[in-house]
Amino acid sequence: MTFTAVTSKVVLAQVRPGGEVLARRGAMLAVTGRVRFSPVSAGPGGGAYGGGVAAALARGLQGEAVPLMVAEGEGAVHYGFRGHHVTVVELDGGRPLSVEADRLLAHDASLSSSVVFLGRQGGLRGAVRGAVTGQGVFTTQLSGRGSVALLSHGGTFALPVTGGRQVVVDPQAYVAHEGDLRVEVGAAVSWRDAVGRGSGEAVQLRVSGEGTVHVQASEAKL
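Note that the coordinates shown come from a computational prediction; the quantities given were computed from them, not determined experimentally. (Residues numbered from 1 in each chain as written. Predicted model: local features only at pLDDT ≥ 70, side-chain atom pairs only at ≥ 80, totals over all residues. Heavy atoms only, no water.)

Draft legend 1. Fine view of the overall build of the protein. Helix and strand counts for the protein come out as four helices and 16 strands. Expressed as a percentage of the 222 residues in the protein, the buried residues total 49%. Here the contacts in the protein between residues at least 6 apart in sequence split such that 83% fall between residues at least 24 apart. Here the protein has roughly 10100 Å² of accessible surface; of this, 51% comes from carbon and sulfur atoms. (Helix = DSSP H or I, 4+ residues; strand = E, 2+ residues; numbered from the N terminus. Buried < 20%, exposed > 50% of the residue type's maximum accessible area, 1.4 Å probe, protein only. Contact = heavy atoms within 4.5 Å. Areas by Shrake-Rupley, 256 points an atom, 1.4 Å probe, with all protein chains shown as cover.)

What follows is the structure in structure tokens.
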């Protein structure tokens with residue numbers, strides 16, 4: 001386990017040779033030991049991090065480009081971001097984790113990363129682009145063994161999806177999901193929405209398959 005919770009809004013990451021940590025720029029709060037920080041960039045040859053997160057950043061799909069810093073050396077780093085709550089998820093090398101880029105606080109640099117399409121959108125592209133936490137329907141997928149620290153408003157809760165059960169999530173409350181899941185962007189539009197008297201929750205994420213969905217306790221964006 002690379003990350004340990006210090007408070008509900010701060011995690012401590014252990015950095016060591018071969019155990020580097022990637023975190024969003026501006027998230028470092030305090031550091032002890034001999035740790036150095038440098039920005040992640042995708043050079044022509046890729047480099048140690050160019051084939052994973054850096055390559056995704058270079059593509060910049062649908063706002064997924066969140067600047068990252070790599071922590072190298074040996075020591076401990078406290079991470080947090082703007083007082084948001086932090087949830088630590090441990091990946092065991094089995095099920096991948098898909099997460100909105102702006103919900104990522106930090107993760108082990110050894111994890112493989114790519115930008116993937118979140119789900120089918122039908123004719124809702126324009127509406128969904130701003131509905132899924134302000135980013136659209138592309139998300140960052142992490143896989144391998146290691147720790148991931150997620151940001152949220154008010155903390156997160158985990159919803160199991162199994163046995164043919166479908167879970168419907170407000171796009172702005174969605175944080176991440178893991179497992180063999182299908183995420184579809186749908187609409188629940190009635191005549192009340194058409195005349196401006198609806199609830200404002202006409203766009204939904206419909207999740208099915210086998211896995212877990214992480215949802216924040218708020219519809220607020222980061």
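Draft legend 2. Quick look at the pattern of salt bridges. The final tally for this structure, using the stated rule, is two salt bridges. Residues Arg-182 and Glu-184 are paired through a salt bridge, measuring 3.6 Å at the closest nitrogen-oxygen approach. Given a relative accessible area of 19%, Glu-184 falls into the buried group. (Salt bridge = Lys/Arg side-chain N within 4 Å of Asp/Glu carboxyl O.)

Draft legend 3. Region of the structure containing the environment of Gly-26. Tracing the chain through its elements places Gly-26 in the loop between β3 (21–24) and β4 (28–39). Considered as a pair, Gly-26 and Leu-68 are 42 residues apart in the sequence and their alpha carbons are 8.8 Å apart.

Draft legend 4. Local environment of unusual backbone geometry. One non-glycine residue, Arg-82, lies in positive phi territory at about 55°. If you trace the backbone, Arg-82 turns up in the loop between β5 (68–79) and β6 (85–92).

Draft legend 5. Representation of the pairing of strand β8 (residues 104–108). Counting buried positions along β8 yields five of five residues, so the element is predominantly enclosed. The sheet contact formed by β3 and β8 spans three bridges and is antiparallel. Across the sheet, Val-21 pairs through a bridge with Asp-108, a residue of β8. Where β8 meets strand β12 (residues 145–152), three bridges bridge the pair, whose relative direction is antiparallel. When the sheet's bridge partners are listed, Leu-104 is paired in β12 with Leu-150. (Pairing = 2+ DSSP bridges.)

Draft legend 6. Quick peek at the environment of Val-115. Assignment of secondary structure puts Val-115 in strand β9 (residues 112–117). With 27 residues separating them in the primary sequence, Val-115 and Leu-142 have C-alpha atoms 9.0 Å apart.

Draft legend 7. Molecular detail of the environment of His-177. By the element assignment, His-177 lies in strand β15 (residues 174–187). One polar contact links His-177 to Tyr-174, side chain to side chain, over a distance of 2.8 Å. (Polar contact = N/O pair within 3.5 Å; in protein donor to acceptor, adjacent residues only side chain to side chain.)

Draft legend 8. Region of the structure containing the nonpolar core. Ranked by internal contacts, the top residues of the largest apolar core, which has 17 residues, are Val-21, Tyr-79, Leu-105 and Ala-106. Elements represented by at least two residues in this core include exactly β2 (10–15), β3, β5, β8 and β12. Those residues in contact with Ala-106 that lie beyond four places of it in its chain are Phe-3, Val-21, Leu-22, Ala-23, Tyr-79, Ser-147, Val-148 and Ala-149. Grouped together as the second largest cluster of nonpolar side chains are 13 residues, Val-167, Ala-173, Tyr-174 and Leu-205 included. (Core = buried A, V, L, I, M, F, W, Y, C linked by side-chain atoms within 4.5 Å.)

Draft legend 9. Summary view of the packing of aromatic side chains. Counted under the stated rule, the structure contains zero aromatic pairs. The ring centre of Phe-81 lies 4.1 Å from the NZ or CZ of Arg-24, which sits over that ring. (Phe/Tyr/Trp six-rings, centres within 6.5 Å; stacked < 30°, edge-to-face > 60°. Lys NZ or Arg CZ within 6 Å of the ring centre and 35° of its normal.)

Draft legend 10. Fine view of the confidence of the model for the protein. When pLDDT is averaged along the protein, the result is 78, and 71% of the positions lie at 70 or above. Of all the helices and strands in the protein, helix α1 (residues 47–50) carries the lowest mean pLDDT, 39, while β2 carries the highest, 97. Across residues 42–63, where pLDDT falls below 50, the model places 33 contacts with residues more than four positions away in sequence or in other chains. (pLDDT = per-residue confidence, 0-100.)

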